[in-house]
Every structure is written in C-alpha cells, then in structure tokens.
Amino acid sequence: MSRIVRAAAIQISPVLGDDGLGTARKVCQAIREAAEKGVKLAVFPETFVPYYPYFSFIQPAFRFGGEHLALYERAVVIPGPVTDMVAEAARQTGMVVVLGVNERDFGTLYNTQIIFDATGEILLKRRKITPTYHERMVWGQGDGAGLKVVDSAAGRIGALACWEHYNPLARYVLMTQHEEIHCAQFPGSLVGQIFADQMEVTIRHHALESGCFVVNATGWLTEEQIKEIARDPALEGPLRGGCFTAIVSPEGKLLGTPLTEGEGMVIADLDFALITKRKRMMDSVGHYARPELLSLLLDRRPARTVHYVGEANPVPTSTDEAAS
C-alpha cells in the first residue's frame, strides 16, 4: 500500500521591527492551523525568521549598515529560544517543519534551513552554500556538510534555498540520496513576475529530474511592509511580485493552485506511488545514470578556520564546531 503524506507550502509575511520572536510566534500559529487541516509536513519561506534582508536588494551596502546590525540582533542562535519554540510546536502537532532562518554564529550571519522532525528533534541544520548577488554582503558561505537528505516522519527530505536550485551539482547530491520530498524556499516579494516564472520552471524541472515531490514556499510582504522597507516610492517596485508557493508531483504536475499573492497555504496529499511510477521510466541516479562516465565529488567536511594538532580545541570557533 502506498504511503500518503499531507503537505503544506506556506506563504506568509514576517513581523518587522520587533525582537525577532514575533515572526517565530507567527510560524507556530501557522503550524497549529496546518495541523487542524491534517498537515504532516509544513514548509516555510527562505530566512523567514526574523525576515529576509530585503533592504540589501534595494540599497547600496554603505547605506544599510544599521539595518544589517539590526538583523544581527534579531537573528536566530541555534539552539535557542526560536528553535525551542518551533520544536515544541512540531512536537505538539506531530508535524515535520522546514524553516528558513537568519542564523547568527558569533560574528557572521548565515542563510540557514532547519528541518524539525515530528518529535521536535532537529534533523538537519544546513547553510546556503553561496549567497546570491546582494546577499553576499549579508551572509557568509555554507559548506558541503549540510548537503544531506534526512529520514523524517514524513519521508526522506532534502532542502535547498532559492538560487541553489540553479546549481545542478547541489541538486544532484540530494538526488543521489534518493530524496522523496524536496523542500524549496524562496524570499518572495522580490524582482517581479519574472522571478515567479523562473521559480515555476525551476521547481517543476527538479521534480521531474529527481522523481520526487517539491514543496516550495515563498514569503509575502504587505503594502505597508513594502513602504516601510523601501522608505522611497521609487524603491517599492522591486519588492513586489516574485511569489510562487506551490507543490509539484514527481511527474512535474502542479498539485493544487499555486499562491502568488497574499498569505495562505497550498495543501496537497503526496502519494508516494507516484515516485515509483516516475522512476520506473527515468531514474537519474539509478538505471538512467552512467557513473562510469559521469560522477560527482562532494567534500562534506565542515569548513573550519583553524585545525588543532596535538591538543583539544580550547575555544569553539563556531557553534557548528561546538556541537561536533
């Protein structure tokens, strides 16, 4: 008998200007609302907590220092109050949750994806390997240690953020680990309609190539938030459009109606029999692969700035190293 998992891609707006916990509370409320609809997997947008750094797209770097520092103060330490709050909501509802956060690791911010299991356990914390364009002034780079597919109560889950989907080798790494559900996150409310159009092509192609479901969540800014962030009518345009919250089957079919405006959820039942149906015809990492001709090398070692020889590391150089 095939397994069926109900999933939700959640399009939602952040809470701006508070201590950063307001957005986390909104996440927990959305988790509870999704649970009432029978959802067992919920995916939230890219760096949703406390908010995506939209300011960096519309301002030159020398002008957004104050806003960058404010993001530092509101960013998420892992583990910490935000992860504790979301973990408890996941545990209470028995839901797998994929959340994007701005992670603070001492003096650097990272674009980080967290996968919480239905028990509240953090199964994966990974950092975007290469921030895109303006984002390089905000976040540090991730490494190959997070390019993993994890077993969860909802199935085998992999995750990438935004334009990481334009890195075919990053996608292929997850494909080789036989992901059943791919969780994609984009900021939304950015660039305009062309961003949404490109996003649709990208997630549908990955579903077809990987033979998996894709659950994609984008953020949403209200008109009031756009005005607050832009502070200049001439800068408001780039903060509109670019939303395409959707769920895609392994055959590239949209399940339900994508959400391109406003807050809401796209909910669909994922029938895992469709994975076998697709891969019977084309398995990119199995019978359709040619590993003797084409293969991939992945360095999974965590990036570290210092290596100690002959003594224990006296002071953790990052929260990642402290946990290892």
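You'll find the structure just up there.
Residues numbered from 1 in each chain as written. Predicted model: local features only at pLDDT ≥ 70, side-chain atom pairs only at ≥ 80, totals over all residues. Heavy atoms only, no water.

Caption draft 1: Geometry of the pairing of strand 9 (residues 213-218). For strand 9, a buried count of 6 out of 6 residues is recorded, marking the element as mostly surrounded by other parts of the structure. The alternating pattern of strand 9 places F213, V215 and A217 on one face and V214, N216 and T218 on the opposite face, and all of these are buried. Relative to strand 9, strand 8 (residues 181-186) is paired through 6 bridges, and the arrangement is parallel. Looking at the pairing, H182 lines up with V214 of strand 9. (Buried < 20%, exposed > 50% of the residue type's maximum accessible area, 1.4 Å probe, protein only. Helix = DSSP H or I, 4+ residues; strand = E, 2+ residues; numbered from the N terminus. Pairing = 2+ DSSP bridges.)

Caption draft 2: Just the packing of aromatic side chains, in detail. Counted by the stated rule, this structure contains 6 aromatic pairs. For the pair W163 and Y166, a centre-to-centre distance of 5.3 Å together with 50 degrees between the ring planes defines the contact as tilted. W163 sits in the partly exposed class, given a relative accessible area of 39%. By relative accessible area, Y166 is classed as partly exposed at 40%. Three or more aromatic residues joined by ring pairs form one cluster here, namely Y52, Y54 and W139. The residue whose ring lies beneath R3 is F272, and the NZ or CZ to ring-centre distance is 4.1 Å. When the ring centre of Y110 is taken as origin, the NZ or CZ atom of R127, which lies over that ring, is 3.8 Å away. (Phe/Tyr/Trp six-rings, centres within 6.5 Å; stacked < 30°, edge-to-face > 60°. Lys NZ or Arg CZ within 6 Å of the ring centre and 35° of its normal.)

Caption draft 3: The sheet that holds strand 7 (residues 155-161), seen in detail. Taken in spatial order, the 5 strands of this open sheet run 6-7-8-9-10, and their pairing is mixed. Here the strands that pair on one side only, and so sit at the sheet edges, are strand 6 (150-152) and strand 10 (246-248). The mean inter-strand angle of the sheet, taken between neighbouring strand axes irrespective of direction, is 25 degrees. In this sheet, strand 10 lies alongside strand 9 in antiparallel orientation, the contact comprising 3 bridges. Within strand 10, the residue paired with V214 across the bridge is V248. (Axes fitted to C-alpha atoms, helices over the stretch in contact; angles between N-to-C directions.)

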